[in-house]
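# Residue-level structure breakdown
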Amino acid sequence: MDWDLGTFGTFTRPTCADCAAEAPEIDSYYALIGRPFSWRMTRHANGDASILVKWRCVPCWRTYKVAAEGRSGPA
Ligand SMILES: [Zn+2]
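Residues numbered from 1 in each chain as written. Predicted model: local features only at pLDDT ≥ 70, side-chain atom pairs only at ≥ 80, totals over all residues.

### Some words on the overall build of the chain
Convention followed: A helix here means a DSSP run of H or I that spans at least four residues, while a strand means a run of E at least two residues long, and both kinds are numbered starting from the N terminus. Three exposure classes are used, all based on how many other C-beta atoms lie within 10 Å of a residue's own C-beta (placed from the backbone): buried at 20 or more, exposed at 12 or fewer, and partly exposed between those limits.
Looking only at helices and strands, the chain has two helices and two strands in total. Traced from its N-terminal end to its C-terminal end, the chain shows the element sequence α-β-β-α. Split into buried and exposed, the 75 residues of the chain put 9% on the buried side.

Pasting the structure below:
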């Protein structure tokens, strides 16, 4: 998986895009992605050249993933 975390620069604790939960008390995106936290990040084209980054906690990621697979899966 190519997270390309170097593009984020300085770490700022994100909040979950869906439930607004705050990230755990950690100091890097790598820690957030790793166990035991296992948050997940998605990047979205933002209409212009910028990229919108969204973070999700584990329960919200599960929900998001099911919804995304439902949209892209076979009819
Ligand atoms: Zn959440």
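Let's pick the thread back up.
### A closer look at the pairing of strand β2 (residues 51-56)
Note the threshold: In this analysis, strands are considered paired if DSSP registers two or more bridges between them.
Bridging between strand β1 (residues 40-45) and β2 involves six bridges; their strand directions are antiparallel. Bridged to Met41 within β2 is Trp55.

### Observations regarding the confidence of the model for the chain
Put simply, the rule reads: Looking at any residue, its pLDDT shows the predictor's confidence there, from 0 to 100.
When pLDDT is averaged across the chain, the result is 86; 84% of the residues are at 70 or more. Here β1 stands out as the least confident element of the chain, with mean pLDDT 90; helix α1 (residues 29-33) is the most confident, with 92.

### Considerations on the environment of Cys16
So the rule is basically this: Any pair of residues counts as being in contact when their C-beta atoms, constructed from backbone geometry, are within 7 Å of one another.
Examined against the element boundaries, Cys16 turns out to sit in the segment before α1. For the pair Cys16 and Trp61, spaced 45 residues apart in sequence, the C-alpha to C-alpha distance is 9.2 Å. Not counting the four nearest positions on each side in its chain, Cys16 is found in contact with Ala21, Trp55, Arg56, Cys57 and Cys60.

### Some points on unusual backbone geometry
Cis geometry is found at the peptide bond from Arg35 to Pro36, where omega equals 0°. For Pro36, the location among the structural elements is in the loop between α1 and β1. Look at Ala20: it is not a glycine, yet its phi comes out positive at around 65°. Inspection of the secondary structure puts Ala20 in the segment before α1.

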